[in-house]
Amino acid sequence: MSTVQCPSYMTPVSRLAKTPVRMAADIEKKLNDDGSQEVNDNFPGRSAWRARVSCIFGAETITMPDGSTQKTLETETYSVKIWATAEEAVQLRQVARAGRWVRLVDLMAGAMKGNLYLQALGIVENAQEKAQAQEKAQVK
């Protein structure tokens, strides 16, 4: 495995595709200027949703002004457009809630005029979080 870190001007798309990400906010409809939900002929039968996700890249220890040390997480937040059918949207609204750990399904990346665009065909609950929730439910 490479020890080279992804430069700050690049986006580690493979990490976003392979590891759980944390929802930074509840998923919301991606709206056009006229207030209608965005659709695209390239994704027939699907509407656009906006997901703000945070990816944790590591941790660092910093020295505070009083001389004490504090461990902080190194994170980056990304906006990902999710394309979902009406049926999938029901599941999205349940799973893609602020603070939840999720996985992006079929992540795609593109760039135009220096801007990165991330899109996916869904969001699913992270298996580990789902298992913990089931264990808690069984204990009650």
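Our subject is the structure listed above.
Analysis parameters
Residues numbered from 1 in each chain as written. Predicted model: local features only at pLDDT ≥ 70, side-chain atom pairs only at ≥ 80, totals over all residues. Heavy atoms only, no water. Helix = DSSP H or I, 4+ residues; strand = E, 2+ residues; numbered from the N terminus. Buried < 20%, exposed > 50% of the residue type's maximum accessible area, 1.4 Å probe, protein only. Contact = heavy atoms within 4.5 Å. Phe/Tyr/Trp six-rings, centres within 6.5 Å; stacked < 30°, edge-to-face > 60°. Core = buried A, V, L, I, M, F, W, Y, C linked by side-chain atoms within 4.5 Å. Salt bridge = Lys/Arg side-chain N within 4 Å of Asp/Glu carboxyl O. Pairing = 2+ DSSP bridges.

### Here's the deal with the environment of leucine 118
Here is step 1 of the chain: With respect to the secondary-structure elements, leucine 118 resides in strand β7 (residues 115-120).
Here is step 2 of the chain: On the basis of relative accessible area, leucine 118 is assigned to the buried category, the value being 5%.
Here is step 3 of the chain: Distance in space between the C-alpha atoms of leucine 118 and isoleucine 82 is 8.7 Å, their sequence separation being 36 residues.
Here is step 4 of the chain: Each residue touching leucine 118, except ones within four places of it in the same chain, is listed here: Val13, Leu16, Tyr78, Ser79, Val80, Lys81, Leu107, Met108 and Ala109.

### Side note on the packing of aromatic side chains
Here is step 1 of the chain: What the rule picks out here adds up to one aromatic pair.
Here is step 2 of the chain: Centroid distance phenylalanine 43 to tryptophan 83: 4.7 Å. Interplanar angle 10°. Geometry classified as stacked. Residue phenylalanine 43 is found in the loop between β2 (28-29) and β3 (47-63), and its partner tryptophan 83 is found in strand β4 (residues 69-84); the two are separated by 40 residues along the sequence.
Here is step 3 of the chain: Exposure remark for phenylalanine 43: the relative accessible area of 15% places this residue in the buried category.

### Comments concerning the nonpolar core
Here is step 1 of the chain: Formed by 22 residues in total, the largest nonpolar core has its most connected members in Met23, Ile27, Val80, Ile82, Leu104 and Ile123.
Here is step 2 of the chain: Elements that contribute at least two residues to this core include exactly β1 (21-23), β3, β4, α2 (86-95), β5 (101-105) and β7.
Here is step 3 of the chain: Each residue touching valine 80, except ones within four places of it in the same chain, is listed here: Trp49, Arg50, Ala51, Val53, Leu104, Leu107, Leu118, Gln119 and Ala120.

### A look at the pattern of salt bridges
Should their charged atoms come close, side chains of opposite charge can pair.
Here is step 1 of the chain: In total, this model carries five salt bridges according to the counting rule given.
Here is step 2 of the chain: In this structure, the salt-bridge partner of arginine 50 is glutamate 28, at a minimum N-O distance of 3.0 Å. Taken as a pair, arginine 50 in strand β3 and glutamate 28 in strand β2 lie far apart in primary sequence, 22 residues in all.
Here is step 3 of the chain: A relative accessible area of 38% means that glutamate 28 is categorised as partly exposed.
Here is step 4 of the chain: With a closest N to O distance of 2.7 Å, arginine 100 and glutamate 125 form a salt bridge. Taken together, the residues arginine 100 in the loop between α2 and β5 and glutamate 125 in strand β8 (residues 122-125) connect sequence positions 25 residues apart.

### So, the pairing of strand β6 (residues 108-112)
Here is step 1 of the chain: Bridge analysis of β6 against β7 gives five bridges, and the strand direction is antiparallel. For methionine 112, the partnering residue across the bridge sits in β7 and is asparagine 115.
Here is step 2 of the chain: Counted along the chain from β6 to the antiparallel partner β7, the turn is two residues long, and its residue lysine 113 has a positive phi close to 50°.

Scope: geometric values only; no functional claims are made or implied.
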